[in-house]
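Listed below are the residues making up each chain.
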Amino acid sequence: MTADPAPTPPVADANGQVTILLDRKKASVARKANETLLESARRAGLSPPFSCEAGNCGTCMGKLTEGHATMRVNDALDEDEVEEGYILTCQAVPDTDSVSVSYDD
């Protein structure tokens, strides 16, 4: 007898889109599998804030305004910040086709 496999998290479609708001400028790029929101922002030609890229400092904090993303590591944000939609963009990978994040909030 085999055990039921664990539920698989939602996988974003390769045709998805990441939208970033930074310094009142909005940019969108095609979503790439396993790319963090910070990497997407840089690929969009923006210069988002970051420092450690390890999930420790909180410099890259942004707020999800659409969609869902999972942080690989979070050693900087408090539980209430996460509940309000804040994420570490250096660690956050989209789980939905469309994701929007704001560095301005």
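Our subject is the structure that appears above.
All values derive from a computational prediction rather than experimental measurement.

**What about the overall build of the protein?**
Reasoning step 1: Broken down by element type, the protein carries 2 helices and 7 strands.
Reasoning step 2: In sequence order, the protein lays out its α and β elements as β-β-α-β-β-α-β-β-β.
Reasoning step 3: Looking at the protein residue by residue over its 105 residues, the buried ones come to 38%.
Reasoning step 4: A sequence separation of at least 24 residues applies to 55% of the contacts in the protein between residues at least 6 apart.
Reasoning step 5: Entry remark: accessible area of the protein is about 6,300 Å², with carbon and sulfur atoms responsible for 46%.

**Points about the side chain of Thr36**
Reasoning step 1: Within the secondary structure layout, Thr36 lies in the loop between β2 (25–30) and α1 (37–43).
Reasoning step 2: Thr36 has contacts with Arg72, Thr89, Cys90, Gln91, Ala92 and Val93, leaving out every residue within four places of it along the chain.

Cut-offs applied
- Residues numbered from 1 in each chain as written.
- Predicted model: local features only at pLDDT ≥ 70, side-chain atom pairs only at ≥ 80, totals over all residues.
- Heavy atoms only, no water.
- Helix = DSSP H or I, 4+ residues; strand = E, 2+ residues; numbered from the N terminus.
- Buried < 20%, exposed > 50% of the residue type's maximum accessible area, 1.4 Å probe, protein only.
- Contact = heavy atoms within 4.5 Å.
- Areas by Shrake-Rupley, 256 points an atom, 1.4 Å probe, with all protein chains shown as cover.

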